[in-house]
Structure formats: structure tokens, C-alpha cells
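# Survey of secondary and tertiary structure
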Amino acid sequence: MTEVATARRSRITPEREAELYEAVLDLLREVGYDALTMDAVAARTRSSKATLYRQWGGKAELVAKAVRHSKPGGSADEVDTGSLKGDLHALTLRSDDCEMEQNSALMRGLAMAMHGNPDLLKAFREHLIEPEMAEFRRVIQRAIDRGEVHADNPAIGFVMHMMIGGFAARTLIDEQPPTQQFLLSYIDAVVLPALGAPTH
């Protein structure tokens, strides 16, 4: 019975799934999280609401997975340049400036929505925050293994905070979208020195 249920759930093709996620992100940009409805997603994607609920369970899960899907491909395991600076730069360069600007606007809206939607926060933690933290931990562990970073450096626990902080503060303080150049400079000036890692 379980196998049949699983087969029924996974009937959506990867192409169709990608199309659905793109439609969800378009709707999010147009109306925001609170005004986004499963009815609107169903209408936009010519799918049934029952299919959406069966596949994703609800709006929070669908939105979190759509945002996760839109993130650049590849993982920390595929990015191994031989240095922490090289790895952090390579991870940053996976998104171009246009994608960063779109993501920055999207994430600002979702961050506000999370305050009033514990289910959205939970879905984001599960599908985005925790996988990203695990990715950064792998990158840092490689740097520790190479002898670039001391395992007891207290800044290790704040790498994700630093990266998100730089990304978010760019708009807040400078009133400009984050760019590759800004983030690469930020990594070299703030993140690597905090970790005691080589900056060149």
C-alpha cells in the first residue's frame, strides 16, 4: 500500500514540478505570501487543488520547496577549490546579480510573512535553513581538515549568520541590492578574518 501511495504522489514529472515552482514564485512576487492561495496556484498552473495538497500538503511546504528549487544548482560537495576563500567565492558566484536582486526582494517579503506564520517558518527551517547550514558546515569542516581554520574558533557557529547578515544588510543600510562584488568583498573583509582563514 505504501509503495502505491508513493507512486501516486510522485506522478508529477520533474519538468512539471519545476513549472509549478516557477508559477508559485511568480505569484509570490505579485501578491506576497499572505495573499497567495492554493486556488490561485491551481488556476495559474492548470492543476487541481487536490493534486497540490496531495503533493505538498499545504501552502508553506509548497512555497519553501519552490524557493529551495530556485536556488542555484550544485552543492558544497561539488565546490571544492582547495581553499576556504575559493569555496565561499564559488558558492557566491552561483547566483548572478539579477538573481540576487530578485531573491533579496523575495526573501524580505517572506521574512516578514514568517513572523505571523509558524508553519512557514517551520517549512523554511526544514527545507532551506537546515540544508544550507549543513552545506556551510561541510565547507568549514574541509577548511579545518586543511588546517586553514582552528576547530575551536568561536566564529564557526556564526558563519551562516554572517552570510545572511551581509546579504540582508546591503539593502537595509546601503539601499542597494546585494551583488557578487559586494558579497565577495564582504567574505574577504569579514567572514575569512573572523574565521582566522587566509584572505589571499
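Residues numbered from 1 in each chain as written. Predicted model: local features only at pLDDT ≥ 70, side-chain atom pairs only at ≥ 80, totals over all residues. Heavy atoms only, no water.

The next subject is the environment of His115. Following the sequence through the fold, His115 ends up in helix 7 (residues 97-116). For His115, a relative accessible area of 74% gives the class exposed. When the C-alpha positions of His115 and Ser95 are compared, they lie 27 Å apart, and in sequence the two are 20 residues distant. (Helix = DSSP H or I, 4+ residues; strand = E, 2+ residues; numbered from the N terminus. Buried < 20%, exposed > 50% of the residue type's maximum accessible area, 1.4 Å probe, protein only.)

Note on placement: Met162 falls in helix 9 (residues 159-174). Looking at Met162, the relative accessible area reads 14%, which means it is buried. For the pair Met162 and Ser104, spaced 58 residues apart in the sequence, the C-alpha separation amounts to 16 Å. If near-sequence neighbours (up to four positions away) are discounted, Met162 is found in contact with Ala155, Tyr186, Val190, Val191 and Ala194. (Contact = heavy atoms within 4.5 Å.)

At their nearest, the axes of helix 2 (residues 14-31) and helix 5 (residues 59-70) sit 9 Å apart, and the two run at 105 degrees to each other. When the axes of helix 2 and helix 5 are compared, the pair comes out roughly perpendicular. Contacts from Ala18, Tyr21, Val24, Leu25 and Leu28 in helix 2 reach Leu62, Val63, Lys65, Ala66, Val67, His69 and Ser70 in helix 5. Taken together, the residues of the contact of helix 2 with helix 5 break down into nine nonpolar, two polar and one charged. (Axes fitted to C-alpha atoms, helices over the stretch in contact; angles between N-to-C directions. Parallel < 35°, antiparallel > 145°, perpendicular 65-115°, else oblique. Nonpolar A, V, L, I, M, F, W, Y, C, P; charged D, E, K, R; others polar.)

Moving on to the pattern of salt bridges. On inspection of all chains with the given rule, the structure shows 17 salt bridges. Lys71 is the salt-bridge partner of Glu132, the closest N and O atoms lying 3.6 Å from each other. A residue pair is termed long-range when its members are at least 10 positions apart, and Glu132 in helix 8 (residues 118-146) and Lys71 in the loop between helix 5 and helix 6 (84-92) qualify at 61 residues. Across the salt bridge formed by Arg146 and Asp80, the nearest N and O atoms sit 3.4 Å from each other. Taken together, the positions of Arg146 in helix 8 and Asp80 in the loop between helix 5 and helix 6 put the pair 66 residues apart, joining distant regions of the chain. On the accessibility criterion, Arg146 (31% relative accessible area) is partly exposed. (Salt bridge = Lys/Arg side-chain N within 4 Å of Asp/Glu carboxyl O.)

What follows deals with the packing of helix 2 against helix 3 (residues 38-45). Here helix 2 crosses helix 3 at 125 degrees, and the two axes come no closer than 10 Å. In terms of orientation, helix 2 and helix 3 fall into the oblique class. Pair helix 2 / helix 3 crosses with right-handed handedness. Side by side, helix 2 and helix 3 meet where Arg16, Leu20, Ala23, Val24, Asp26, Leu27 and Glu30 of the first sit next to Ala40, Val41, Arg44 and Thr45 of the second. Residues belonging to the contact of helix 2 with helix 3 are distributed by class as follows: six nonpolar, one polar and four charged. (Left-handed = near helix turned anticlockwise from the far one by under 90°.)

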